[in-house]
Each structure stands twice: as C-alpha cells, then as structure tokens.
Amino acid sequence: MAGASDRGPDHEFIVIGAGLCGLYALHRLLETGRDVIALEAHPGLGGTWYKNRYPGCRFDSESYTYGYSFSADLLQEWDWSEHFAAQPETLRYLNHVADRFHLRRHIRFDSVVRSAVFDDHTSTWTLELGDGQRLTCRFLLTALGLLSAPMKPRIPGIQSFRGVSFHTYDWPEGLDLTGKRVGVIGTGSTGVQIIAELAGRVAGLDVFQLKPNWCAPLNNSPIGAEEMAHIKASYDEIFARCAETPGGFIHGPDRRPFHEVSREERLALWERLYASPGFGIWLGNFRDILLDEDANREFSDFVAGKIRERVHDPVTAEKLIPRDHGFGVHRVPLETGYYEAYNHESVRLVDLEETPIVEINETGVATSAGQFDLDVIVYATGFDAITGSYDRIDFRGRDGVKLRERWADGPTTYLGALIAGFPNLVMLGGPHSASVATNFPRAIETSVDWAAHLFAHVTDLGCNRLECEPGAEKEWTQHIQDLYQRQLLRKAKSWFTGYNPNIPGHDRTRYLIYTGGAPRYRRELDEVAGDGYRGLVFSSPGEVPHLTSTACQREGEQRMRGVEHD
Ligand code: NA7
C-alpha cells in the first residue's frame, strides 16, 4: 500500500477515537500547535458515554474526580448534579468540553478505521476508512477505549428470536419497555445497573445469571449548590488525593495489617464502608483483602451476610452469592437497589449454572428447566476487553506484521504505550497501562501528557520516527505478568484477566492490565523519560531503524546538550 505522497503525510498526527481520552489528546496536541485530527467511528463524540445509553447507566467514580483536571476555568464553570452522575450528564459534559476548547472541527465523525498500515520507507501510517477513503499521518495515536468491542454470547438459535434483542452497547433510542417481558443475560456492572432500574417497571424481568458477582451499594446522592461550591474550592486537594492512591480515586487502601486489627474494629470499618458512597468498600478497605485468602474470605462472608439481609427469598439470596471468587477479585459492580430487585414478584433469577441455556428460539430463551417467553432480550454480556478494539482494526507494522497475530496470546507492549515493530504508533490508555484499573480520566491524563512530552522530544531531536526496542517490550511485558502474581486477581476469570467465555482462545489468563497502581506507573513513565526515553530509538526515514542509536538521535542529543550548555 502506498504511504504519504511527496508532499508528506496528510496530517502530522491522527488520533483514533473521540471519547474521553481522544478529546484530551486532541486538545493537548492542538494546544502545542500540532497538525492533528481525530477520527471517530460514531456520529457523536464521547465514546463509552456516547454508546452506553442503557437505563441506569452512570458513574461509579465520584463525578468530581471524573472531570478533566487540565483547566481551572473548566473546573469552576461545570456543576455536577449528583455524586455519581448518570450517562446523559457525562455526555453533556464531554460535548461542553469539545465546544469550550473548539475541538469539534478537528473531529471527523462516522469515520470507522478499518486498517492502519505502516510504510517503512516514508515512516508514515496509511489509514483506510469504512468508506474506502485513505488518510496518511506521521504519528498514529490510539484512544480506542477499554470496553468498546461488544460481545454477544454464542448461543444456538440467537438469530431466530422474533422480539427485540440487542447488546447493551446498542440500546435502541426511545425504546419503551412498559408492559414488556424482558430478559437480561449477564450480571456484570452493566447488567446490574439495568436490572435495578427495570425491576418493577416492566411486566416481567427474567435475569439469566451465569455466575454472580460481588456487588456493593453505590450510595449516590445529589450535589447541592453549597456542596458544589465547596468541591470547586477543593479541586487541588481532590486531585492531589487521587494522584496518591493506587486507583486514582479518593479512596486509598487501609494499609494496617488485617490480622493485627481486632474483629470489632474490622466490622466497624466494614459497616461504615458499606454505608459510604463509591468504591471505598473495594479500594478503601484493608489492602490485605486483595492479597490474602483468609482476609478476603472473612470480608466476603461479611458481604454475603448483607446479601442475605437484603434478598427476602433465601434460595435466591444463595444464588446471588459468588462461590468461585472472593470480593474484589473481579471488578465490583456498584448498585442502587440491585439486591432488592429480586424482592419484586415480577423478577425471576435464572441460575444458568444449574439450568444452562439450551437455545434462543423465536419466542424467547429455552433453558434446561424450560422455556422463558420474552418480548425483549438484553445481552449484557460485556466486551472483548481492551485488546478487542485493536483486533477490529487491521494494524500492520514493519514488514507487514499483523498486530492481531502478534497479540493472539495476549498483548506485548512497552509501558502500555508502544509496540516493537510498530513505529510511530503510540497507544493512549492501551493494554498494560494503568488506565484499565484506574479512575480513567486521571490515568489518561498521565498517558496523554507523557505522549505529548515524547513528541516534543522527537521534535527537539529533529527526528520523525520513534520505535521501542524489542528487549524493552519483552521486559515490560514480563513486569506486567510479575505484578499480577502478588494479587488474588491472578486467579480470576473476568475481563481483568482477559477471560471471556464468548471468544475462542480467551479462556485462559491474558495479562491485560498494569496492577502496580497509578503512582508507580507514573514513576515508571517518568523514569523512562528522565533516562532520555530508555528503550526507544529515534530516527529519520531512510536510517536503519533497529540500531540502538541512530545518526538522527546522536546528532539531536548532541545539539540538545549544546543548547543546555549555552
Ligand atoms: P462484564 O463485566 O464482562 O459482564 C458480562 C456479564 O455477562 C457477566 O455476568 C458474564 O458472566 C455474562 N456472560 C458472558 N457471556 C455469557 C453467556 N454466554 N451467557 C450468559 N452470561 C454471559 O461486562 P459489563 O458490560 O457488565 O461491564 C463491563 C464494564 O463496563 C464494567 O466492568 C465497567 O468497568 C464498565 P460471567 O461473569 O462470565 O460468569
């Protein structure tokens, strides 16, 4: 495939995606006078918040920790209405940001990227869009989202259903469920939010549960004018707090050794956390709960007790208590009235471990226990997490190497940002970065800022090509795997470990996320930058790219040293 024309590439930078991360990348690069556009697959911006429009969709990050931190004016002019805002408000916020910083005219909507091919001779990327158009750029940035490749289950007869059916990512606009018999398949964070919202509001709700998750109360509430004014006056402290916690939230772990704290004290803390807003129960709990089997079991028993208190029917309550993993080992869905949903007469829990789905037919779902006739089937079955959105684009690096094939057994990266053999491609919030297990905006600001500094360095050197060394990628990928070994989550079968029952080959651990915590991740990025971008090679087109030090890099460094000495 041809690369850039003699005039050079169409753009210096292309960002794929105009969600939370892509918007910030666009802003950051425009601010420094770069030539950049963003390509967005959908007709509107917002990514996750554009696509997830199901009833009950909302944050479980505190709203005021979720906004961008880069502009004091923006922080002061935006009011959040709830501690955990619902999707429409977040989407309004992102549109406000796009307008406020004049980003919209740099975004090309309805632009699905089908392939991205690197041309070794010109050091450019050529992108082919869904409509056949081609665009070239020097540097390609991916802001594809973590959960943007929806997965429906592989169930016989799924096409034959004559009612309305869809994945939660494609909730039909204006769908009225009044008087309908609805089936929800899947009880992850999404299913849990939908089930709580629909219970008692539809004629019948059948929940098809493969395995239960440990859920905990969101404890949401409105933010009044006075409280919002206080939040606005405290943003410096709020972001400083987020910067010091592993998850980038206001909740940080209690590092007291679990076994040295009395049972009474533990229970008092847990009661308080259960009644408190947000992820405190997961991320503000004893750190040992995520590391030590005994501590985890004791806390899981506490939460099981809460489920038994909240669900009236004891048989249903037992079915809602996970047996295969402890609390916090999977991503914890936060809920508002989820367990009480099962106290409605019109809600039935179908335990698929006991009575598996046999087929989907014209009128509904057939399990080994019988037929469930439905008007609507909602597939809340999750995503091909993190790498799925990469697999859906045909990325080809040096020598035509296909990323999809390189990553067949799991991703290999350097710093969660670079891939050996894929020059001039920088992933923002990609696999192996901290953004996956962190309050997303806090993490992507780190990734985007780091990339912006990297590009400034490339310009200062006078080079226009960057690439990571295979050895650096190997080391980082091993580091990611080692970090998992300390945590109980290494045993989990959830999207945190790349497990997905609907994707062939994803039935074993794939190491997808940086589990060392956001502060450590930032330190590691800073150290690499401080070391003159250790593990990266900078060059110009025409130079042999796999030398550890190229003429361009040597001359640039000498020049920069000269500048420093002047
Ligand atoms: P998740 O958390 O991946 O949940 C998917 C759910 O669907 C989960 O309960 C799965 O059960 C279930 N599932 C998957 N395949 C099937 C089949 N074939 N049959 C029945 N049930 C199935 O996705 P969500 O959309 O809920 O949440 C994604 C993230 O969005 C969330 O973590 C937040 O960060 C935002 P399993 O757990 O595998 O037993």
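The text that follows walks through the structure, step by step, so that each part is easy to find. No experiment lies behind these values; they were computed from the predicted model shown. (Residues numbered from 1 in each chain as written. Predicted model: local features only at pLDDT ≥ 70, side-chain atom pairs only at ≥ 80, totals over all residues. Heavy atoms only, no water.)

1. Observations regarding the overall build of the protein
Alright, step 1. When helices and strands are counted, the protein shows 19 helices and 20 strands.
Alright, step 2. A compact globule built from 566 residues would reach a C-alpha radius of gyration of about 24 Å, and the protein, at 24 Å, matches this within 12%.
Alright, step 3. Over its C-alpha atoms, taken along the principal directions, the protein stretches across nearly 75 × 55 × 45 Å.
Alright, step 4. Taken over 566 residues, the protein has a buried fraction of 58%.
Alright, step 5. Mean positive and mean negative side-chain charge positions of the protein (59 and 78 charges, respectively) differ by 3 Å. (Helix = DSSP H or I, 4+ residues; strand = E, 2+ residues; numbered from the N terminus. Rg over C-alpha atoms; globule rule 2.2 N^0.38 Å. Buried < 20%, exposed > 50% of the residue type's maximum accessible area, 1.4 Å probe, protein only. Lys, Arg positive; Asp, Glu negative; His and termini not counted. Charge placed at Lys NZ, Arg CZ, Asp CG, Glu CD.)

2. Some words on the environment of Thr126
Alright, step 1. With respect to the element layout, Thr126 can be found in strand S5 (residues 124-129).
Alright, step 2. Between the C-alpha atoms of Thr126 and Gly532, which are 406 residues apart in sequence, the distance is 29 Å.

3. Some remarks on the nonpolar core
Alright, step 1. Ranked by internal contacts, the top residues of the largest apolar core, which has 140 residues, are Trp80, Leu205 and Leu466.
Alright, step 2. The residues contacting Leu466, other than those within four sequence positions of it, are Phe139, Leu418, Pro423, Asn424, Val426, Leu454, Phe455, Val458, Leu536, Val537 and Phe538.
Alright, step 3. Judged by nonpolar contacts, the second largest core, of 23 residues, contains Leu39, Ala116, Phe422 and Leu425. (Core = buried A, V, L, I, M, F, W, Y, C linked by side-chain atoms within 4.5 Å. Contact = heavy atoms within 4.5 Å.)

4. Some points on helix H9 (residues 263-274)
Alright, step 1. For H9, which comprises 12 residues, the first-to-last C-alpha distance of 16 Å matches the rise-based estimate of 16 Å (1.5 Å per residue) to within 8%.
Alright, step 2. Every buried residue of H9 is listed here: Arg266, Leu269, Trp270, Leu273 and Tyr274. Projected onto a plane normal to the axis of H9, the buried residues spread over an arc of 130° and lie on a single side. Structural note: H9 exposes Glu264 and Arg272 on the side pointing more than 90 degrees away from its buried face.
Alright, step 3. For H9, the elements touching its buried residues are strand S10 (216-217), helix H10 (280-283) and helix H11 (293-310). (Expected span 1.5 Å × (residues − 1). Arc of directions from axis to C-beta.)

5. Focus on empty space enclosed by the protein
Alright, step 1. Across all of its chains, the model carries four cavities of 30 Å³ or more by this definition.
Alright, step 2. In terms of lining, the largest cavity is formed by Leu415, Gly416, Ala417, Val426, Met427, Leu428, Gly429, Ser447, Trp450, Ala451, Tyr521 and Leu525.
Alright, step 3. Every element with two or more residues in the lining of the largest cavity is listed here: strand S18 (425-427), helix H16 (440-461) and helix H18 (518-530).
Alright, step 4. It is H16 that provides the largest number of residues to the lining of the largest cavity, a total of three residues. (1 Å grid on protein atoms, 1.4 Å probe; cavity = no way out; pocket = protein on both sides within 12 Å on 5 of 7 lines; lining within 4 Å. Points joined across faces, edges and corners; volume = space filled by probe spheres on them.)

6. Looking at the sheet that holds strand S12 (residues 347-351)
Alright, step 1. Sheet architecture is open: five strands sit in the order S7-S16-S8-S9-S12, paired in parallel fashion. Both edges of this open sheet fall to strand S7 (164-167) and S12, since each of them pairs with a single strand only. Here the strands of the sheet are splayed against their neighbours by 15° on average, with no regard to which way each runs.
Alright, step 2. Bridge count between strand S9 (residues 204-209) and S12: five bridges; the pairing is parallel. Residue pairing in the sheet places Val207 in a bridge with Leu349 of S12.
Alright, step 3. Against the sheet, helix H6 (residues 189-198) touches strand S8 (181-185), S9 and strand S16 (376-379), its axis set at about 160° to S8. (Pairing = 2+ DSSP bridges. Axes fitted to C-alpha atoms, helices over the stretch in contact; angles between N-to-C directions.)

7. Let's talk about the sheet that holds strand S13 (residues 357-361)
Alright, step 1. Taken in spatial order, the three strands line up as S13-S14-S15 in an open sheet, and their pairing is antiparallel. Edge positions in the sheet fall to S13 and strand S15 (370-373), since each has one partner strand and no second. Adjacent strand axes in the sheet meet at a mean angle of 20° when their direction is disregarded.
Alright, step 2. Of the pairings in the sheet, the one linking S13 to strand S14 (residues 364-367) comprises four bridges and is antiparallel in character. Looking at the pairing, Asn361 lines up with Gly364 of S14.

8. Some thoughts on the site of the ligand
Alright, step 1. Of all residues adjacent to the ligand, which total 19 residues, the nearest are Thr187, Ser189, Thr190, Arg331 and Asn502.
Alright, step 2. Thr187 has a polar backbone atom sitting 2.9 Å from an oxygen atom of the ligand.
Alright, step 3. Between an oxygen atom of the ligand and a main-chain N or O atom of Ala380, the distance comes to 3.2 Å.
Alright, step 4. Burial of the ligand by the surrounding chains reaches 83%, relative to a free accessible area of 780 Å².
Alright, step 5. Broken down by class, the residue content of the shell around the ligand amounts to nine nonpolar, eight polar and two charged. (Near = heavy atom within 4 Å. Polar contact = N/O pair within 3.5 Å; in protein donor to acceptor, adjacent residues only side chain to side chain. Areas by Shrake-Rupley, 256 points an atom, 1.4 Å probe, with all protein chains shown as cover. Nonpolar A, V, L, I, M, F, W, Y, C, P; charged D, E, K, R; others polar.)

9. Details of the pattern of salt bridges
Alright, step 1. Under the criterion given, the structure shown has 38 salt bridges.
Alright, step 2. Each of Asp120, Arg398, Arg465 and Glu467 takes part in one network of salt bridges that share partners. (Salt bridge = Lys/Arg side-chain N within 4 Å of Asp/Glu carboxyl O.)

10. Some details on the state of the cysteines
Alright, step 1. Counted under the stated rule, the structure contains one disulfide.
Alright, step 2. Cys463 shares a disulfide with Cys552; S-S distance 1.8 Å. Taking the torsion about the sulfur-sulfur bond, which here is approximately -125°, the covalent link between Cys463 and Cys552 counts as left-handed. One end of the pair, Cys463, is in the loop between H16 and strand S19 (465-468); the other, Cys552, is in helix H19 (residues 551-565), with 89 residues separating them in the sequence. Both residues of the pair, Cys463 and Cys552, count as buried.
Alright, step 3. You can see Cys215 has no disulfide; the closest cysteine sulfur is in Cys57, sitting 16 Å from it.
Alright, step 4. Cys215 gets classed as buried once you look at its relative accessible area, which sits at 1%. (Disulfide = S-S within 2.5 Å.)

11. Describing the packing of helix H17 (residues 470-485) against H18
Alright, step 1. It is at 14 Å that the axes of H17 and H18 come closest, and there the two elements cross at 165°. Here H17 is positioned roughly antiparallel relative to H18, judged by the angle of their axes. Between H17 and H18 the crossing geometry is right-handed. In this structure, H17 contributes Trp476, His479 and Leu483 to the contact, and H18 contributes Arg520, Tyr521 and Glu524.
Alright, step 2. Here the residues of the contact of H17 with H18 sort into three nonpolar, one polar and two charged. (Parallel < 35°, antiparallel > 145°, perpendicular 65-115°, else oblique. Left-handed = near helix turned anticlockwise from the far one by under 90°.)

12. Looking at the side chain of His251
Alright, step 1. As for its position among the elements, His251 is in the loop between helix H8 (235-244) and H9.
Alright, step 2. You can call His251 buried: its relative accessible area is 12%.
Alright, step 3. Looking at His251, its side chain comes within polar contact range of the side chain of Glu62, at 2.8 Å.
Alright, step 4. The contact partners of His251, leaving out residues within four places of it in the chain, are Glu62, Arg241, Thr245, Pro277, Gly278, Phe279, Gly280, Leu283 and Gly284.

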